[in-house]
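Geometric and topological summary
Below, each chain spelled out in residue letters.
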Amino acid sequence: MRKGRQKGVSLLPATLFCDLCVPGLNSIIEEKGILNRKVKILRKIKSRESGGKRGTQIMLKFSELYPQANEKRLRISLDGAWKFRFDPEAKGGKEQWQNGLSDTILMPVPGSFADMFTDAHSRDYCGDFWYETEFFLPDEAEEKEYFLRFGSLTHRAVVYCNGIEVGSHEGGFLPVVVPISGAAKKGERNRLVIKLNNELNEESLPCGAVHQLKDGRKLVKPYFDFYNYAGIHRSVYLVSVPKESIEDYSVRYELEGDDALVHYSVRTNGTHPVKVELRDKEGVLVAEAEGSTGALRVKNAHLWKVRNAYLYSISILIMGEGKLIDSYTEEIGIRTVKIEGTKILLNGEPVYLKGYGKHEDFEVIGRGFNWGVAKRDFECMKWSGANCFRTSHYPYADEWYQMADEEGFLVIDEVPAVGMMRSMSNFAAAGSGSKYTYFFEAPTVPKLKAAHLQAVEEMIARDKNHPSVIAWSLFNEPETISEYAREYFKDIFDYARELDPEGRPLTGALEKTSSPEKCQCCDLCDFVCLNRYYGWYISGGPEIVDAREAFFDEMDRWEKRGLNVPFVFTEFGADTLGMEHKLPSVMWTQEYQSEYMELCFEVFDRYDFIQGELVWNFADFQASEGIMRVNGNKKGVFTRIRQPKDVAYRLKERWDKI
Ligand code: BDP
């Protein structure tokens, strides 16, 4: 065993840690036919039937359940001011920084480091950087397993506890769960050091490149249109669970007249019997069952409805010799989601999606999660009459989904598969269809695909029990017109279908080059999502009349293609400066943003198969610097500090009526 590596069986060697989802993945990613192998492996390790007609209980090595404190479980927040240090020469490993950092500054957790600084070099830093904190491990009487749970570590990280490597993870938008029982000392303070890296490449998600500046510094070049914020963006928890514990559960719903069946499946790591209880909002027990799979019958069920959420709480208990061994309680909502012809059905009723593509983005904290910002966002969305948002272009912090469950919001949950076009201005190229590369032909593809499959797996594992999540978006604006793209995405879609216990609709956001005639991937989607910028990137300003023609023309062609599925606009928008007015309008003014929207509404209202409109973007957000962006992307309906632009009132007027 290499020095510094933790002893003890509960621990995976760090090199295997990124294989959490499917052990052995690293060894096969070089080979072709990854998916077949992966699905086979998944089937092999599938422990039990999920209790549903479709979907496999995902075997992540460590539990993705959101941490909670109860009589058997401990949850201690490690959020606060941590020590921080950049490592531009990547010498931290050699100098053993894992044993403790020197020359540090303070850095808030959660938060992105970038906008905390007042100098550009620090803000735009690219490379390795380190965080350190301490935590006290309580000396609990009962034998427990101890974990650290990071909501995310962007983009890749190695975690050390008392100098011992306890885990590593690739991908910056999903939880990292690290076992520390073998490395941390009970009844003592323990040192936690994390090495992070924020470089982008074409083998991991999201895609981008690193450019070497003349002064020797690295500069990150995203192939996407949002600032490459990095750091510890989400809360960090010290968690303890009993040795025999609940690792995962999933639910699936069936409506029978006024009643509902909640099919459930529970995964534990032990042999003691499982009990499941369901309580209503008042805490009254409405159904109970025994066994790790089964169904709960709820008489006169209160359904979880759009903007009118009803949440039950499900409690899972492991009992042994009359005693409680472990328990886990979470709120769930009874509802079904289905696509039928060109309609999206929630509880059997058609629903029209109104809302936004968003970002996790705010002044100073960057992509760091903040309850206040999230609350304000929900209030603004509700005020404007919205019922839906897409987590463009990555899965958000857990707490967003908890709030959406509570508020009755519909969420299209997106993997960080963005920037798959090898272009520094992908967003503009995508709008006009001018630039084009066969991304999926490159030698980097096998590794990229493995990362993509892993992100899909981790996202579905984490978010599958949220009633708010109605669909999975598996890409944003990749090339989809080559046979390579088809082959690539066929596997991604097949895999996602295999994983979701609820069999939710799958989709992905298509840019303009993915035309009705050329797109090879739209038929993989249960509903088609279009990102379109007629009147902005195409024929803007005085040419808007041409934009109108071209927009109708494209929609007529989609109608002709006859896919017979719902279409949702996941992006349409115009950059608008919050202070700019002009009569008659010119591009970038408030007046133009409103006129642009009228054009879009005219198109949306003409076709029955259009079943949703998610404006780009909810709020102005930070992007890389360039001639296309004025201190960020200004397509927000709200400013970056969440005040309405003129167009917000127009949206409210429209959406309140739909
Ligand atoms: C689309 C991208 C989105 C961009 C948007 C824009 O999906 O990330 O921010 O264009 O240009 O192509 O505003």
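Reading guide: rules and limits
- Residues numbered from 1 in each chain as written.
- Predicted model: local features only at pLDDT ≥ 70, side-chain atom pairs only at ≥ 80, totals over all residues.
- Heavy atoms only, no water.
- pLDDT = per-residue confidence, 0-100.
- Contact = heavy atoms within 4.5 Å.
- 1 Å grid on protein atoms, 1.4 Å probe; cavity = no way out; pocket = protein on both sides within 12 Å on 5 of 7 lines; lining within 4 Å.
- Points joined across faces, edges and corners; volume = space filled by probe spheres on them.
- Helix = DSSP H or I, 4+ residues; strand = E, 2+ residues; numbered from the N terminus.
- Nonpolar A, V, L, I, M, F, W, Y, C, P; charged D, E, K, R; others polar.
- Salt bridge = Lys/Arg side-chain N within 4 Å of Asp/Glu carboxyl O.
- Buried < 20%, exposed > 50% of the residue type's maximum accessible area, 1.4 Å probe, protein only.

Okay, the confidence of the model for the chain next. Model confidence for the chain is summarised by a mean pLDDT of 91, while 89% of its residues fall at 70 or above. With pLDDT under 50 throughout, residues 1–37 is counted as low confidence; its partners more than four residues away or in other chains account for 82 contacts.

To continue, consider the layout of surface pockets. It is a probe the size of a water molecule, rolled over the atoms, that shows where empty space is left. Looking at the largest pocket, its volume works out to about 850 Å³. Forming the walls of the largest pocket are 39 residues, and the residues nearest its centre are Tyr227, Ala623, Ser624, Glu625 and Gly626. Top contributing element to the lining of the largest pocket by residue count: strand 12 (residues 218–222), with four residues. Its residues assigned to classes, the lining of the largest pocket shows 18 nonpolar, ten polar and eleven charged.

Turning next to the pattern of salt bridges. What the rule picks out here adds up to 54 salt bridges. Here aspartate 377 ties to arginine 642 by a salt bridge, and the two come within 2.7 Å at their closest N and O atoms. One end of the pair, aspartate 377, is in helix 5 (residues 371–383); the other, arginine 642, is in the loop between strand 32 (610–616) and helix 12 (646–657), with 265 residues separating them in the sequence. On the basis of relative accessibility, which here comes to 3%, the residue arginine 642 falls in the buried class. Across the pair lysine 635 and aspartate 575 runs a salt bridge whose closest N-O atoms are separated by 2.7 Å. Note that lysine 635 is positioned in the loop between strand 32 and helix 12 and aspartate 575 in the loop between strand 31 (567–571) and helix 11 (590–606), a separation of 60 residues in sequence. Note on lysine 635: relative accessible area 1%, which makes it buried. One salt-bridge network, held together by shared partners, links Asp225, Asp575, Arg629 and Lys635.

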